[in-house]
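The chain contents come next:
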Amino acid sequence: MTIVSLARCENYDKDELRRVIEKSLANIGFDKSRFNGARVAVKPNLLTVAADDSGIITHPEFFRAVVRMVKDNGGIPLLVESPAVHSLARVIKKTGYDAVVQKEAISVADPSEVQTLHFKGAHRFKHIDISKAYFDADIILCLPKFKTHGITYITGAVKLLFGAMPGMEKSKMHLRLPDHGDFAEFLLDLYGAMTFGFDPPKPVVHLMDAILALEGEGPGQGGRPRQLNAVIAGMDGIAVDWTAARLAGLDIALAPTIVGGFERGYGAGLPEEIRIVGELMENLQIPDFVPATGNSLFANAFRWPLNTRTFKNLFVERPVPDPGICTGCGQCIKICPAGAIGQPKKAKSVPEYDYGICIRCYCCLEICPEGALHKKPGRLQRLLEIVG
Ligand code: SF4
Ligand code: SF4
């Protein structure tokens, strides 16, 4: 039986957070004394520059409460993250993390130092480069944010670990794995490696910030913050994700990392094998949480196998910049793994998108700091939706 802790937490008040986080660890049977003398890699979702209350990044006060608890129990916390485009230093500086890192005197791991993690149990990717800091740590504390996601349906504990890979390597994986199912399988290989691949395996604790979640077209600026009022914890990240998705009333069958995770048997193999401790699920469930639209079964079935220029342009949404919002920052150009985005042709214009090359990974949507990119349906897409 897998134990998942569910706790009500309605805001980022520091005392309340501390109480809830300690209670969550107790619920899952994780003794705080294990922090004593331990090097603790703390991995938030710090994908990009975003406001604390955007629902996009793990709230800095959540991070603060965790690192304080680690320190108060004799541990040595280390911030480990590798944002997609910006340097980690810039993302820290431009978010509420700057104040926390300074005040709490937290060391930050160098994201350019990588080491290869080997995991024989992986289905396909048995050797993955990740931040070396995870190898040096005694305990890994993951702080996922619960969000919708246009490719993986949700992002939580499993998807968080994609950030263990160095910056632009992540974009390359999108290019190598344009099929959403393949990408989810890779994420599960990585999750399995982080959970079982170290020799000896390290304790990996997932403490999810689902207080202010993200609904709609997540995981970036296209989504909308939404109160879920929950902190979810466990040693089984797939069970943690399942609990969050159930709280939000989402369709588990559309979440490939949960469905595939159960099948792999990395933890619970069935929902019946998950025991929720703490708050009753029905006390926190909300009925109208809005999922991302980019991951229907229909779209998955047809998006990538028929990956021709004509098919894509007729049937698959393309990312289109809004000239009224785009500031020309160029982040989409930098992150595009396919090299499909060029500099604007005219001054004060938007970047040039080549939809013949674009693989529809939507990394650009994810990274755009202005929310200036929208998915525009292909010309015959509506027809297929009616047929489907
Ligand atoms: S243009 Fe956007 S969606 Fe297309 S390949 Fe580049 S990053 Fe991905
Ligand atoms: S579309 Fe977004 S990321 Fe690209 S240049 Fe404009 S504001 Fe920047």
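These numbers come from a predicted model, not from an experiment.

As for the site of ligand 1
Around ligand 1, the structure places 14 residues, and the nearest of them are C336, A338, C358, C361 and C364. Across the shell around ligand 1, the residue classes break down as 13 nonpolar, no polar and 1 charged.

Observations regarding the site of ligand 2
In the vicinity of ligand 2 lie 14 residues, with P321, C326, C329, C332 and C368 positioned nearest. A class-by-class count of the residues in the shell around ligand 2 yields 9 nonpolar, 4 polar and 1 charged.

So, the domain arrangement of the chain
Domain boundaries assigned for the chain yield domain 1 (2–284) and domain 2 (297–387). Here the C-alpha centre of domain 2 lies 28 Å away from the C-alpha centre of domain 1. At the junction of the two partners, domain 1 supplies 18 residues and domain 2 supplies 19 residues. Top contributing element to the side of domain 1 that touches domain 2 by residue count: helix α7 (residues 167–176), with 4 residues. For the side of domain 1 that touches domain 2, the residue count by class is 7 nonpolar, 9 polar and 2 charged.

What to know about unusual backbone geometry
Omega for the peptide link from D199 to P200 comes to 0°, which places this bond in the cis form. Tracing the backbone through its elements, the reader meets P200 in the loop between α8 (180–196) and β10 (204–216). A cis amide bond links G218 to the next residue, P219, at an omega of 15°. If you trace the backbone, P219 turns up in the loop between β10 and β11 (223–234). Although it is not a glycine, A105 sits at a positive phi angle of roughly 50°.

Thoughts on the nonpolar core
Residues V42, V66, A210, A230, V231 and C364 are the most contacted members of the largest nonpolar core, which totals 121 residues. Mapped onto the domain boundaries, this core takes at least three residues apiece from domain 1 (2–284) and domain 2 (297–387). When residues no more than four places from it in sequence are discounted, the contact partners of A230 are L6, A7, R8, C9, A210, I211, L247 and L284.

Section: the environment of M281
With respect to the element layout, M281 can be found in helix α11 (residues 281–284). Considered as a pair, M281 and K334 are 53 residues apart in the sequence and their alpha carbons are 42 Å apart. What M281 contacts, discounting residues up to four positions off in sequence, is L6, R246, L247 and I276.

Let's talk about helix α10 (residues 256–264)
Those residues of α10 that fall on the buried side of the exposure criterion are P256, T257, I258, G261 and F262. On its buried face, α10 sits against β9 (153–155), α6 (157–160), α8 and α9 (237–247). Trailing α10 by a residue or two, G265 shows a phi angle of about 70°, which is positive.

Here we look at α9
Of all the 11 residues making up α9, 10 are buried; the element is thus mostly covered by neighbouring parts of the structure. Just downstream of α9 lies G249, where phi reads positive at about 70°.

Thoughts on the pairing of strand β1 (residues 2–8)
Side-chain direction in a regular strand flips from residue to residue, so the side chains alternate between the two faces of the sheet. Counting buried residues along β1, 5 of its 7 residues qualify, which places the element largely inside the surrounding structure. Direction of pairing for β1 relative to strand β12 (residues 274–278): parallel, over a ladder of 5 bridges. From the neighbouring strand, V4 faces β12, where its bridge partner is I276. In terms of strand pairing, β1 meets β11 through 5 bridges, oriented antiparallel. Across the sheet, residue A7 finds its bridge partner in β11, namely V231.

Regarding the packing of α9 against α10
Close contact between α9 and α10 brings their axes to 9 Å; oriented N to C, the two are set at 135°. Here α10 runs oblique to α9, going by the angle between their axes. The interaxial crossing formed by α9 with α10 has left-handed handedness. Contacts between α9 and α10 involve I238, D241, W242 and A245 from the former and T257, I258, G261 and F262 from the latter.

Description of the environment of H149
Within the secondary structure layout, H149 lies in strand β8 (residues 145–149). For the pair formed by H149 and G220, sequence separation is 71 residues and the distance between their alpha carbons is 8.5 Å. The residues touching H149, leaving out its near neighbours within four places in the chain, are I154, T155, K159, G218, P219 and A292.

Thoughts on the pairing of strand β7 (residues 139–143)
Taking burial as the measure, the 5 residues of β7 include 4 buried ones, the bulk of the element. Alignment of strand β2 (residues 39–44) against β7, held across 5 bridges, turns out to be parallel. Among the inter-strand pairings, V42 is bridged to a residue of β7, identified as L141. Sheet analysis places β7 next to β10, joined by 3 bridges and oriented parallel. Bridge assignment links C142 to a residue of β10, and that residue is H206.

Digging into the environment of M208
In this fold, M208 is placed in strand β10. Along the chain, M208 and T58 lie 150 residues apart, while their C-alpha atoms are 8.5 Å from each other. If near-sequence neighbours (up to four positions away) are discounted, M208 is found in contact with P144, F146, G156, A157, V231, I232, A233, V240 and A244.

Considering the packing of α8 against α10
Two elements in contact, α8 and α10, have axes separated by 9 Å at closest approach and are oriented at 55°. As far as their axial angle goes, α10 and α8 are oblique. Crossing of α8 against α10: the hand is right-handed. Side by side, α8 and α10 meet where H180, G181, A184, E185, L187, L188 and G192 of the first sit next to P256, T257, G260, G261 and R264 of the second. Considered class by class, the residues forming the contact of α8 with α10 number 4 nonpolar, 6 polar and 2 charged.

What counts as what
Residues numbered from 1 in each chain as written. Chains lettered and ligands numbered in written order. Predicted model: local features only at pLDDT ≥ 70, side-chain atom pairs only at ≥ 80, totals over all residues. Near = placed C-beta within 6 Å. Nonpolar A, V, L, I, M, F, W, Y, C, P; charged D, E, K, R; others polar. Domains from an automatic or database assignment. Contact = placed C-beta atoms within 7 Å. Helix = DSSP H or I, 4+ residues; strand = E, 2+ residues; numbered from the N terminus. Core = buried A, V, L, I, M, F, W, Y, C linked by C-beta atoms within 7 Å. Buried ≥ 20, exposed ≤ 12 C-beta atoms within 10 Å, placed from the backbone. Pairing = 2+ DSSP bridges. Axes fitted to C-alpha atoms, helices over the stretch in contact; angles between N-to-C directions. Parallel < 35°, antiparallel > 145°, perpendicular 65-115°, else oblique. Left-handed = near helix turned anticlockwise from the far one by under 90°.

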